[in-house]
Amino acid sequence: MSVFSSDGRRPALPSRRLFVQGLAAGGVVAGLGAAGLPARASAAAGRALAAAPQVLQQQHLTLAIGESAVNFTGRTRPAITVNGSLPAPILRWREGQTVDIHVRNTLAHHPTSIHWHGILLPANMDGVPGLSFNGIAPGQTWHYRFTLNQSGTYWYHSHSMFQEQAGLYGALIIDPLQPPPYRYDREHVVLLSDWTDLDPGALFRRMKKLAEHDNYYRRTLPDFLRDVRREGWSAALADRGMWGRMRMTPTDISDINAHTYTYLMNGTTPAGNWTGLFRPGEKILLRFINGAAMTYFDVRIPGLKMTVVAADGQYIHPVSIDEFRIAPAETFDVLVEPTGQDAYTVFCQDMGRTGFAAGTLAVRHGLQAPVPVNDPRPLLTMADMAHDMGAHGGHDHAGMAAMAPPSGGHAGHAGHGDHGGHGGHGGAGPGVQHPASERGNPLVDMQSNATQPRLDDPGIGLRDNGRSVLTYGAMRSLFDDPDGREPGREVELHLTGHMEKFAWSFDGIPFASAEPLRLKYGERMRIVLVNDTMMQHPIHLHGVWSDLEDAQGAFQLRKHTVDMPPGTRRSYRVRADALGRWAFHCHLLYHMEAGMMREVRIEE
Ligand SMILES: [Cu+2]
């Protein structure tokens, strides 16, 4: 039963503050089913569970997926858990081990799955229903068995419907055989996520029906695109004040925010204050994992410099920063040396500046440092709309023209010379090609005609904020290109969508109607991604690494998830050394479900 009325209006909610900060004792409600446990007592038991995450280190283990009741906001809601825990237990293995995991589905009605995110393994162990296997039916057990040929910070989650949103995610740590290239005294996993009291399926239907639901500050972008379609670009561009009046904020481009979500750190609400202990002078390794379904977090620890030493589980040359943005599915390992204060706040505001996850590093439990307020919602710049103006020396109108509704199907105004989707205005880069499948496509509402890698851009809301912010450009793998060959061929894919329809795809073709992308076993190839949308998309390719290239096309950074802000064109190298059928998709859960996914088939 959906708690949403059919017209999409929001139901009576707990107070705004309670909703953002959550219950101090929020978490799994113990003794579910034994009706009549007072909510408070059971929630307190939930906190005890959350405070001491299960850590499973056996090579042979059983994970039971089932439904548990949780209460994060004052309402008891069903969640999908592993061994009764949200997040799922921390799995801790060692490089070189072969692990046997029996995953038992105790759900009454729904099939389930576990995908081991970022782990290289045989295709039938990858846990994607429809590609790797058929999923795990209710009452059944699936036996995963694979060898760990890597080390670092990873995570695991369901790949079935919306179960990841409902709680099925956990940390996966693989200790290296060789000692790491840095020293630390103590470590903590910091797993971030977004919780909703809504049924995730109902939330998806709401997005399809009313994509701008959470964005009631400004609802200008769809209007703007309609205007451009009706009047053409010249009319729009003639009006210099238009941009100022749009005053778009990142809230306009994050689909779901803290008006729907309560953000969690290690399964704990901000009010619950997850606490990681330290002794002054110790070096602490923080393993940040973004297990959220839809949320980008901007993370900082006021008073502490952070040194990033690994990205997506792979060592990088250390980078000292004050703040980093973490996309869904990414992981960053960060060293800190807290000293001089008894408590520090780990503050993780959402990209739209509507809420936050937070916890504390402290010398003992019960301490808290001041919690910052969210940064002001920044305005989007024209650069965010597709074009780095400075790089081309163009005037600002040109940048505007860089983002355009695709031609075809809509009458263009006289003087609007943007036929065929190629930028006809000053700022459009030469040779911009869009796939023919985007043209006149009712599922594509815009195109970018002047995209750049923009690897050194901290991103929307993080530029010139007085803090030093991590960028992709600042990260470099600690090793050379592990393959070494130049790519033998190149495949370009455009990230496409229609905001009002909440339709998402590659090249305008949703997963259901797309042909697999075929890779030849053993080949080294280049994937070029072009973001034709206004949204940011973290793109994850299963089975093989995504070796991000710098702006000159040289190997730079080994990743499993490549973030694609609006206006970007980024490339990475792939070694097709894993036979089989693999998923390739946006890691925003609802974008994937809406169609931003492809099958990649690696065959002889
Ligand atoms: Cu996406």
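Novice: Would you mind showing me how to read unusual backbone geometry here?
Specialist: A negative phi angle characterises most non-glycine residues, just as the trans form characterises most peptide bonds. Cis geometry marks the peptide bond from leucine 86 to proline 87; its omega dihedral reads -5°. At methionine 161, a residue that is not glycine, the phi angle is positive and equals roughly 45°. With respect to the helices and strands, the residue methionine 161 is situated in the loop between strand E9 (152–157) and strand E10 (169–175). Judged by relative accessible area, methionine 161 falls into the exposed class, the value being 53%. Backbone geometry at aspartate 464 places phi at a positive 50°, although glycine is not the residue there.

Novice: I would appreciate a short explanation of the pattern of salt bridges in the present structure.
Specialist: Once the charged atoms of two side chains with opposite charge are near each other, the side chains can pair. Under the defined criterion, the tally for this structure stands at 36 salt bridges. Across the salt bridge formed by arginine 279 and glutamate 282, the nearest N and O atoms sit 3.5 Å from each other. Between arginine 325 and aspartate 298 there is a salt bridge; the shortest N-O distance is 2.7 Å. Taken together, the positions of arginine 325 in strand E18 (residues 323–326) and aspartate 298 in strand E15 (residues 297–300) put the pair 27 residues apart, joining distant regions of the chain.

Novice: Is there a simple way to explain the environment of proline 565 in this structure?
Specialist: Within the fold, proline 565 resides in the loop between strand E31 (561–564) and strand E32 (569–575). C-alpha of proline 565 to C-alpha of isoleucine 460: the two residues are 105 residues apart in sequence and 8.5 Å apart in space.

Novice: Which parts of the structure should I look at to understand the sheet that holds E9?
Specialist: Backbone-to-backbone hydrogen bonds join strands into a sheet, with any given pair of strands oriented parallel or antiparallel. Spatial strand order, E2-E5-E10-E9-E7: five strands in an open sheet with mixed pairing. Taken across any chain shown, the strands that pair with only one partner, and hence form the sheet edges, are strand E2 (55–56) and strand E7 (115–117).

Novice: Can you walk me through helix H3 (residues 200–209) in this structure?
Specialist: Along an α-helix, residues three or four apart share an orientation, since each turn contains 3.6 residues. For H3, a buried count of seven out of 10 residues is recorded, marking the element as mostly surrounded by other parts of the structure. Along H3, the residues classified as buried are Pro200, Gly201, Ala202, Leu203, Phe204, Arg206 and Met207. Contacts made by the buried residues of H3 are with strand E11 (186–196), strand E12 (261–265) and helix H8 (589–594).

Novice: Quick question: what am I supposed to make of the coordination of the copper ion here?
Specialist: As a benchmark, a tetrahedral metal site with four donors has ideal angles of 109.5 degrees, while an octahedral site with six donors has ideal angles of 90 or 180 degrees. Bound to the copper ion on the protein side are His537 (ND1), Cys586 (SG) and His591 (ND1), at distances that span 2.0 to 2.1 Å. Ordering the donors of the copper ion by residue number gives the pattern H-x48-C-x4-H. Note on accessibility: cysteine 586 and histidine 591 belong to one class, buried.

Novice: Help me understand the packing of aromatic side chains in this model?
Specialist: Aromatic ring pairs: the centre-centre distance and the angle between the two ring planes describe each pair. Counted by the stated rule, this structure contains 24 aromatic pairs. Consider the rings of tyrosine 261 and tyrosine 263, whose centres lie 6.1 Å apart with planes at 55°: the pair is tilted. Since its relative accessible area comes to 0%, tyrosine 261 is described here as buried. For tyrosine 263, a relative accessible area of 1% translates into the label buried. Judged by centre distance (5.3 Å) and plane angle (85°), the rings of tyrosine 263 and phenylalanine 297 are edge-to-face. Residue tyrosine 263 is found in strand E12, and its partner phenylalanine 297 is found in strand E15; the two are separated by 34 residues along the sequence.

Reading the values: the criteria
Residues numbered from 1 in each chain as written. Predicted model: local features only at pLDDT ≥ 70, side-chain atom pairs only at ≥ 80, totals over all residues. Heavy atoms only, no water. Helix = DSSP H or I, 4+ residues; strand = E, 2+ residues; numbered from the N terminus. Buried < 20%, exposed > 50% of the residue type's maximum accessible area, 1.4 Å probe, protein only. Salt bridge = Lys/Arg side-chain N within 4 Å of Asp/Glu carboxyl O. Pairing = 2+ DSSP bridges. Contact = heavy atoms within 4.5 Å. Donors = N, O, S within 2.8 Å, 3.2 Å for Na, K, Ca; no water. Phe/Tyr/Trp six-rings, centres within 6.5 Å; stacked < 30°, edge-to-face > 60°.

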